[in-house]
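# Structural overview
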Amino acid sequence: MQPMNAQMGGYDRAITVFSPDGRLYQVEYAREAVKRGTTAVGIKCSDGIVLIVDKRISSKLLEQTSIEKIFMIDEHIAVASSGLVGDARALVDRARVESQINRVTYNESIDIETLSKKLCDHMQTLTQYGGARPYGTALLIAGISEDTPRLFETDPSGTLLEYKATAIGTGRPAVMKVFEEEYDESMTIQNAIPMGLKALHAATEGRFDVNNVEMGVVKLENQLFEKMTKEDVKIYVDEFEASIASSEEETEE
């Protein structure tokens, strides 16, 4: 009779073996890798999608431009990641290839839901076969489909969910609390960005500045993704910090 620890160790190490209570431990560990990642926020608006990411610069010697958490997949689709950066980059490369294959084959841009399902199908296969591990990353996939903004969230198990507003990474609970209280389906990109910054501010406990924030939008008007420059981000961050300062002054009075 094997000790209990040895028995559990078998389920713990094998991706293809369910534990007696129906769990795949390696998939759950991959989810933990996502929870340890920096916070990424996605908000669906009446005129597009907003993606905001905390880059968490850990050293003043680090080149800020070398940290990328928001990626362009196609003209109308962008992705924000949290978790293992190398895994996210591999999935982004795969998404770009799938997008270009669709263009070459059908002479049209790929549908965002189709692309999201293809990525999740690939992620799910790595939970079925031995000799590979699940991706330790989650993605927010944002884009325009048939003149409608859409926002999808993936996780290491291959699960695909569509949201109006969501977050991944270490600050998810704090962000979702803000969204559940303040999100409005009719809000525009201009309204959503301050709310997204407020949520990120809550998630980081106030420890963020323009160097730590990356932002991108997919606009319904021209159905194009645009990553904001540092100067554009600074304008929004400064406005948000000014509003925080004024509200604190009013509270003190």
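Just above, that's the structure.
Attention in this report is confined to the structure presented alongside it. The structure displayed is predicted, hence computed values, not measured ones.

### Considerations on the overall build of the protein chain
The helix and strand tally for the protein chain stands at seven helices and ten strands. A globule of 253 residues ought to have a C-alpha radius of gyration of about 18 Å, and the protein chain, at 20 Å, matches this closely. Considering only residue pairs separated by 6 or more positions, the protein chain has 63% of its internal contacts joining residues 24 or more positions apart. When the accessible surface of the protein chain is split by element, carbon and sulfur atoms take 49% of a total near 13300 Å². Taken together, the 27 basic and 42 acidic charged side chains of the protein chain have centroids lying 8 Å from each other.

### Digging into the packing of helix α3 (residues 85–106) against helix α4 (residues 112–125)
Packing of α3 against α4 brings their axes to within 10 Å, and their N-to-C directions diverge by 135°. One way to sum up the angle between α3 and α4 is to call them oblique. For the pair α3 and α4, the crossing hand works out as right-handed. Counting all contacts with α3, which are made through L91, R94, A95 and E98, the residues of α4 involved are L115, K118, L119, H122 and M123. In terms of residue class, the contact of α3 with α4 is built from five nonpolar, one polar and three charged.

### Focus on the packing of aromatic side chains
How two aromatic rings sit relative to each other is set out by the distance from centre to centre and by the angle between their planes. Summed over the entire model, instances satisfying the criterion amount to one aromatic pair. Taking 6.4 Å as the distance between ring centres and 25° as the angle between the ring planes, the aromatic pair formed by Y25 and Y29 counts as stacked. Here Y25 and its partner Y29 are both found in helix α2 (residues 25–35), four residues apart, which amounts to about one turn of the helix.

About the thresholds
- Residues numbered from 1 in each chain as written.
- Predicted model: local features only at pLDDT ≥ 70, side-chain atom pairs only at ≥ 80, totals over all residues.
- Heavy atoms only, no water.
- Helix = DSSP H or I, 4+ residues; strand = E, 2+ residues; numbered from the N terminus.
- Rg over C-alpha atoms; globule rule 2.2 N^0.38 Å.
- Contact = heavy atoms within 4.5 Å.
- Areas by Shrake-Rupley, 256 points an atom, 1.4 Å probe, with all protein chains shown as cover.
- Lys, Arg positive; Asp, Glu negative; His and termini not counted.
- Charge placed at Lys NZ, Arg CZ, Asp CG, Glu CD.
- Axes fitted to C-alpha atoms, helices over the stretch in contact; angles between N-to-C directions.
- Parallel < 35°, antiparallel > 145°, perpendicular 65-115°, else oblique.
- Left-handed = near helix turned anticlockwise from the far one by under 90°.
- Nonpolar A, V, L, I, M, F, W, Y, C, P; charged D, E, K, R; others polar.
- Phe/Tyr/Trp six-rings, centres within 6.5 Å; stacked < 30°, edge-to-face > 60°.

From the geometry alone we can't say anything about function, so treat these as descriptive.
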